[in-house]
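# Structural features, examined
Now for the letters of each chain:
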Amino acid sequence: MDYPQILSPVLSFLQCPTPQPWLDKARDPKNLPLLLTDHLVCELKAAQTAMLLVRKYVADKQGAEALLAWLQPYEAFAFREGPEPNFVELHKQIGKSAMPQTDDPWGQALIDSMVLLIKEELHHFWQVREAMTARQIPYVKITASRYAKGMLKEVRTHEPLTLIDKLICGAYIEARSCERFAALAPYLDEPLQKFYLSLLRSEARHYQDYLALAQQVSTANITPRVRFFGEVEAALITSPDDEFRFHSGVPV
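In short, a report on the structure.

The rules behind these values
- Residues numbered from 1 in each chain as written.
- Predicted model: local features only at pLDDT ≥ 70, side-chain atom pairs only at ≥ 80, totals over all residues.
- Heavy atoms only, no water.
- Phe/Tyr/Trp six-rings, centres within 6.5 Å; stacked < 30°, edge-to-face > 60°.
- Lys NZ or Arg CZ within 6 Å of the ring centre and 35° of its normal.
- Salt bridge = Lys/Arg side-chain N within 4 Å of Asp/Glu carboxyl O.
- Helix = DSSP H or I, 4+ residues; strand = E, 2+ residues; numbered from the N terminus.
- Buried < 20%, exposed > 50% of the residue type's maximum accessible area, 1.4 Å probe, protein only.
- Lys, Arg positive; Asp, Glu negative; His and termini not counted.
- Polar contact = N/O pair within 3.5 Å; in protein donor to acceptor, adjacent residues only side chain to side chain.
- Contact = heavy atoms within 4.5 Å.

## Notes on the packing of aromatic side chains
In total, this model carries 12 aromatic pairs according to the counting rule given. Ring centres 5.2 Å apart and planes at 75 degrees place the aromatic pair F228 and F229 in the edge-to-face group. Through successive ring pairs, a cluster of aromatic residues spans W22, F181, F195, Y196, F244 and F246. When the ring centre of Y57 is taken as reference, the NZ or CZ atom of K56 above it lies at 5.5 Å. Sitting over the ring of W22, R180 keeps its end group 4.0 Å from the ring centre.

Written as structure tokens, this is what we have:
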């Protein structure tokens, strides 16, 4: 895989790299359980975000319910202390149910990219869970970081501006994940390093999908808004942060 080629647009899109103090803390083996746990939850939250966009903006009832059903076993395990399902079997079932349909070309583009994103994020979820199991790391519920909340706080409150801003936030979250996977990979054991590098291509594509959808739905050029959220995102990444998480800022 050509990592520099994949990473180059991501690095020029983000307004800052991951600060060294975050990497120093992340590479400490004692913080790996926390990082993997947060990574697991981030994958599920990314799938939930994509599902909510489809349900809110385009899905018919049947298609929306099919998407909900995909996520339910993962949500029960991660958020409601439900039993650990057979993730491999679950993954085989994804895509066999009715998919949301629409006559609107933009709506169909949203469905196509978000459904693929959901499939990939849920696949990554069980890959992270496998990595945790292999290292005998139990799943323990943790609090969320301030990161996504800090971005969404700046989202405008009337449509279609709300949708445009949410899509731009999605782009930054995916791009930062991609950048952190690459930055962290050299410090991980070989199987985990290989896994993190394997995630770069999909995460890089996800951020581009989000940006393309935002520009398609907007009548104006989204560049100033993208720049604005870039500043918000960089401030969250470079400012002191009490909690250590996958998308946290500089460790206090």
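## Quick word on the pattern of salt bridges
Where charged atoms from two side chains of opposite charge approach closely, those side chains can pair. Applying the stated criterion across every chain, the model contains 10 salt bridges. A salt bridge links E120 to R205; the nearest nitrogen and oxygen atoms lie 2.6 Å apart. Here R205 lies in helix α10 (residues 200-217) and E120 lies in helix α6 (residues 105-134), a separation of 85 residues in the sequence. On the basis of relative accessibility, which here comes to 17%, the residue E120 falls in the buried class. According to the relative accessible area criterion, R205 is partly exposed, its value standing at 27%. For R225, the salt bridge goes to D165, with nearest N and O atoms at 2.9 Å. Here R225, found in helix α11 (residues 223-238), pairs with D165, found in helix α8 (residues 161-184); they are 60 residues apart in sequence, far enough to count as distant.

## A few points about the side chain of E174
Checked against the element boundaries, E174 lands in helix α8. Of the side chains bearing the opposite charge, R205 lies closest to the buried E174, which forms no salt bridge; the N-O distance is 8.7 Å. A distance of 3.1 Å separates the side chain of E174 from the side chain of H206, its partner in a polar contact. The residues contacting E174, other than those within four sequence positions of it, are A46, L117, E121, E203, H206, Y207 and Y210.

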